[in-house]
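The residues making up each chain are set out below.
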Amino acid sequence: MISIQHLQKRFSYTWVLRDVNLEVGAGEFVALFGPNGAGKTTLLRILATLGTPSGGRVSVNGLDVQRDAARVRRLIGYVAHQPMLYPDLSASENLLFFARLYDVANARARVDALLHQVNLFSRCDDTVRTFSRGMTQRLAIARALLPDPPILLLDEPDDGLDPQAAEQLSSYLGETRTTLMSTHSLARGLALADRVALLARGSITYESSTRNLSVGELEAHYRAHSLSAERERLVAA
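Summarised in this report is the structure supplied together with it.

## Observations concerning the environment of Asn94
Working step 1: Here Asn94 is to be found in helix H3 (residues 91-101).
Working step 2: Along the backbone, Asn94 and Met84 are 10 residues apart, and their C-alpha atoms lie at a distance of 9.7 Å.
Working step 3: Dropping the residues within four chain positions of it, Asn94 is found in contact with Leu85, Tyr86, Leu89 and Val128.

## Regarding the pattern of salt bridges
Working step 1: Inspection of the entire model under this criterion finds 11 salt bridges.
Working step 2: We note a salt bridge from Arg123 to Asp126, for which the minimum N-O separation is 2.3 Å.
Working step 3: Overall, the relative accessible area of 29% leaves Asp126 in the partly exposed class.
Working step 4: Salt bridges here are not isolated pairs; linked through shared partners, they connect Glu28, Arg195 and Glu207.

## A short note on the sheet that holds strand E3 (residues 29-33)
Working step 1: Across the sheet, 6 strands lie side by side as E6-E7-E8-E3-E9-E10; this open sheet has mixed pairing. A single partner strand is all that each edge strand has here, and the edge strands are strand E6 (76-79) and strand E10 (203-209). Strand-to-strand, the axes of this sheet are offset by a mean angle of 15 degrees, without reference to chain direction.
Working step 2: Two elements, strand E9 (residues 195-200) and E10, share 6 bridges in a ladder whose sense is antiparallel.

## Some thoughts on the layout of surface pockets
Working step 1: In this structure, the second largest pocket encloses a volume near 410 Å³.
Working step 2: In terms of lining residues, the second largest pocket is bounded by 15 residues, among which Arg73, Arg74, Ile76, Gly77 and Tyr102 are the most central.
Working step 3: If you list the elements that add at least two residues to the lining of the second largest pocket, you get E6, H3 and helix H5 (133-145).
Working step 4: Of the residues forming the lining of the second largest pocket, the biggest block, 3 residues, is contributed by E6.
Working step 5: The residue makeup of the lining of the second largest pocket, split by class, is 10 nonpolar, 1 polar and 4 charged.

Conventions used here
Residues numbered from 1 in each chain as written. Predicted model: local features only at pLDDT ≥ 70, side-chain atom pairs only at ≥ 80, totals over all residues. Heavy atoms only, no water. Helix = DSSP H or I, 4+ residues; strand = E, 2+ residues; numbered from the N terminus. Contact = heavy atoms within 4.5 Å. Salt bridge = Lys/Arg side-chain N within 4 Å of Asp/Glu carboxyl O. Buried < 20%, exposed > 50% of the residue type's maximum accessible area, 1.4 Å probe, protein only. Pairing = 2+ DSSP bridges. Axes fitted to C-alpha atoms, helices over the stretch in contact; angles between N-to-C directions. 1 Å grid on protein atoms, 1.4 Å probe; cavity = no way out; pocket = protein on both sides within 12 Å on 5 of 7 lines; lining within 4 Å. Points joined across faces, edges and corners; volume = space filled by probe spheres on them. Nonpolar A, V, L, I, M, F, W, Y, C, P; charged D, E, K, R; others polar.

In short, the description is geometric, and any link to function would need to be established separately.
This is the structure in structure tokens:
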């Protein structure tokens, strides 16, 4: 479903992504780890058609993210660092607005069901401006799920969630679909994903199935690759 081949991205004279290669199969859940500044958000923005690669090829369900951007957007639900919600509208009004944009059938029923799913139905008529960071994040997840997309791109969806809500993240995401999620929580990513990948030094430096992979083993790989990347950065500086 997601194919990334020799992806490169440069901002001015700085290379953020140098040679990223990653495949995510249909129905597969991949957790993406990496230190701050590794390029995880840049990678997800390119997949979401919100960023332009400097080189390489990126496709979603066989569609090129640049040439077929409009068709790609119909396939994905995207949770970014910014919630992409209107603060002066209520939770229901926000979701109903996006439901119209996505041509969601039986919009009211779908909105109510999602608000129940993310435990916000009791606040459905309150404006987003009054929500906590965690509540806003849960509503952003509901927005991404509205059109029932076959592909989810999640940029630290657990950011701002309280421990209980973070533990319920898998239930918020619903049924199995192709998912690429960046997170700083090694334990949570390991628990949710079928496979993990580490982004460092502008490329994928480590991949593994989560089967029989312990948090301790993953942490050891993360530290080794992150420290190596930091040493390279300091030498280059």
